[in-house]
Amino acid sequence: MPHQPPPSSHGNLPRRVLVVGATGTAGRATKTALIAAGHHVTCIVRPENEDPVAPGARLHFANITDTAALRDYGFAGETYDVLVSCIASRTGAPADAWAIDHDANVALLERAKASGVGHFILLSAICVQKPLLAFQHAKLALEEKLVASGLNWTIVRPTAFFKSLSGQIARVTAGKPYLMFGDGQLTACKPISDRDLGTFIAGCIDAPDRRNRILPIGGPGPALTPLEMGREIFRLTGQPEKYRKVPVAMLDVIAGGLRLASRMKSDLGVKADLAQIGRYYATESMLVFDKNTGLYDTDATPEFGEDRLFDFYADVVAGKETVNLGAQAVF
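On a predicted model such as this, the values are computed, not experimentally measured, just so you know.

Judged by nonpolar contacts, the single largest core of 28 residues is most densely connected at M229 and Y313. Secondary-structure elements contributing two or more residues to this core are α4 (134-147), α5 (169-173), β7 (178-181), α7 (226-237), α9 (268-283) and α10 (309-317). Other than its neighbours up to four places away in sequence, Y313 contacts L165, S166, I169, M229, E232, I233 and L236. Core analysis: the second largest hydrophobic core is formed by 26 residues, A22, A33, C43 and V84 among them.

Quick look at the structure:
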C-alpha cells in the first residue's frame, strides 16, 4: 500500500486532502494554497495529463468518469480527511454539464462516503442562485445531494474570475473596439483572483463557520461594470476609447436561429446553448441575488483577498500575465 501521512482528523493539524480538478486555474491555485498551509495534498489527474501540478503534491492518475478507475487508481485504497472538487464542465452545454458538473461529482461524493472522507468542499458558481441554464440546474442538483450526504460539506460560489474578464485586452491593444452589451452597465461583479479563491477554499478546512454552509465569495470591491472594465483597458493600453454596443436582442435572434437550424443539423444545438449562456452573462450580475427584491445586492456580496482586477489588467498589458480568451466571458 502506498505511504500515507499520519492521521490528522482533529485540531488544526495538517490534513490529508484529495483535490480533483487540480489542472484548472482555480484548482491549481487551491492546490498551491493547501500545500502552503501545510496539508498533505494528493491530486487526481487524467492519465494523459502532461501538465504537472507538482511540486508538493502527489499524483494519482485516473479518469473520474470511470467508476472503477476512480476507486482503484484515484482513491487507490487510501484515506483522506478532506476532498476538494474543483471540476467543471468545459462548455456548460447540457450534456457536458450533466456529465461533469453533476455525474462526475456524484461519483466523487459516493466514493468519498465509502472511503471515510469527513469533509467535502465543492467549488460551485454564484450564478446558480438564479438558475435558467442546464449547467446551473446540474450544479444545483449536485449541491442538494452533497447537503443530504451526511458528510460535512462546504459549497463555495465565487463571482467572476480575473482571466475570464480579460479576454478583450488583446483586441483593444490591436486597435479594435471594446464589445459590450447595451450601455455596458447592465451587469456588475466583484471579481476574485485565482490566488485569493484558492486561499479561501483552503481556509474552509479549519474554519468552523465555513462548514455546512453555502458561501458566495467575491474579491475586494467595489463592484465593476463592463463599461468600467473597458475604460481601464483603454487607459492601460493607451488606445482611444472606442466601443461597439451589442443589443441583447441580437443574442436572442442568434440563439433562436441556431435552435431552429439545429432541427436540420444537430451540432448547431450546442451553439444555440452557448448563445443562451452568453445572453445570461450579458444580462445577469455575478453578485448575491436577493430573492425578496429580485435585485442583485452589491453590499451583501462578501469580499475576500487583496488582489484587484485592474492590477491584473496592468500585468497582462505589461506581459507579466497571459490570457487566452478571444472575447469577454465570465466563467
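With that settled, the discussion passes to the confidence of the model for the protein. Mean pLDDT over the protein stands at 89; residues scoring 70 or higher make up 87%. Throughout residues 1-10 the model reports pLDDT below 50, and contacts reaching past four residues in sequence, or to other chains, amount to 19 contacts. Predicted confidence is poor over residues 325-331, with pLDDT under 50, and the contacts of this stretch with residues over four places away or in other chains come to 24 contacts.

Before going further, it helps to examine the side chain of H102. Structurally, H102 is set in helix α3 (residues 94-115). Leaving out residues up to four positions away in the same chain, H102 has contacts with A97, A138, A141, L142 and K145.

Residues G221 and P222 are joined by a peptide bond in cis, for which omega reads 5°. Tracing the chain through its elements places P222 in the loop between β8 (213-217) and α7. Notably, A76 is not glycine yet its phi reads approximately 55°, a positive angle. Among the structural elements, A76 can be located in the loop between α2 (67-75) and β4 (82-85). Positive phi values are uncommon outside glycine, yet N212 reaches one of about 55°. Residue placement: N212 occurs in the loop between α6 (194-203) and β8.

With respect to topology, 7 strands assemble into an open sheet ordered β3-β2-β1-β4-β5-β6-β8, the strand pairing being parallel. Each edge of the open sheet is held by one strand with a lone partner, namely β3 (57-61) and β8. Put simply, the sheet's adjacent strands are angled 20° from each other on average, direction ignored. Here strand β1 (residues 16-20) pairs with strand β2 (residues 40-45) via 5 bridges, running parallel. Within β2, the position partnered with V17 by the bridge is V41. Where α3 meets the sheet, its contacts fall on β1, β4 and β5 (119-123), and the angle it forms with β5 comes to roughly 170°. In the packing of α4 onto the sheet, the strands contacted are β5, β6 (152-158) and β8, and the crossing angle to β6 comes to about 155°.

Tallying each qualifying case throughout the model produces 9 aromatic pairs. Three or more aromatic residues joined by ring pairs make a cluster, and in this case those are Y178, F234 and Y243.

Another point: α3. With 22 residues, α3 extends 30 Å between its outermost C-alpha atoms, agreeing within 8% with the 32 Å of an ideal straight helix rising 1.5 Å per residue. Every buried residue belonging to α3 is among A97, I100, D101, H102, A104, N105, V106, A107, L108, L109, A112 and S115, and all of these are buried. In this fold, the buried residues of α3 make contact with β1, α2, β4, β5 and α4. Residue G116 follows α3 closely and has a positive phi angle near 85°.

Turning our attention to the environment of T322. With respect to the helices and strands, the residue T322 is situated in the segment after α10. We classify T322 as exposed; its relative accessible area is 56%. Linking T322 and G167, residues 155 residues apart in sequence, is a C-alpha distance of 9.8 Å.

A few words on the pairing of β4. Judged by which residues are buried, β4 turns out to be covered on both faces: V82 and V84 on one side and L83 and S85 on the other are all buried. As paired strands, β1 and β4 are joined by 4 bridges and run parallel to one another. Its bridge partner being in β4, V19 is matched across the sheet by V84. Two elements, β4 and β5, share 4 bridges in a ladder whose sense is parallel.

Rules used throughout
Residues numbered from 1 in each chain as written. Predicted model: local features only at pLDDT ≥ 70, side-chain atom pairs only at ≥ 80, totals over all residues. Heavy atoms only, no water. Core = buried A, V, L, I, M, F, W, Y, C linked by side-chain atoms within 4.5 Å. Buried < 20%, exposed > 50% of the residue type's maximum accessible area, 1.4 Å probe, protein only. Helix = DSSP H or I, 4+ residues; strand = E, 2+ residues; numbered from the N terminus. Contact = heavy atoms within 4.5 Å. pLDDT = per-residue confidence, 0-100. Pairing = 2+ DSSP bridges. Axes fitted to C-alpha atoms, helices over the stretch in contact; angles between N-to-C directions. Phe/Tyr/Trp six-rings, centres within 6.5 Å; stacked < 30°, edge-to-face > 60°. Expected span 1.5 Å × (residues − 1).

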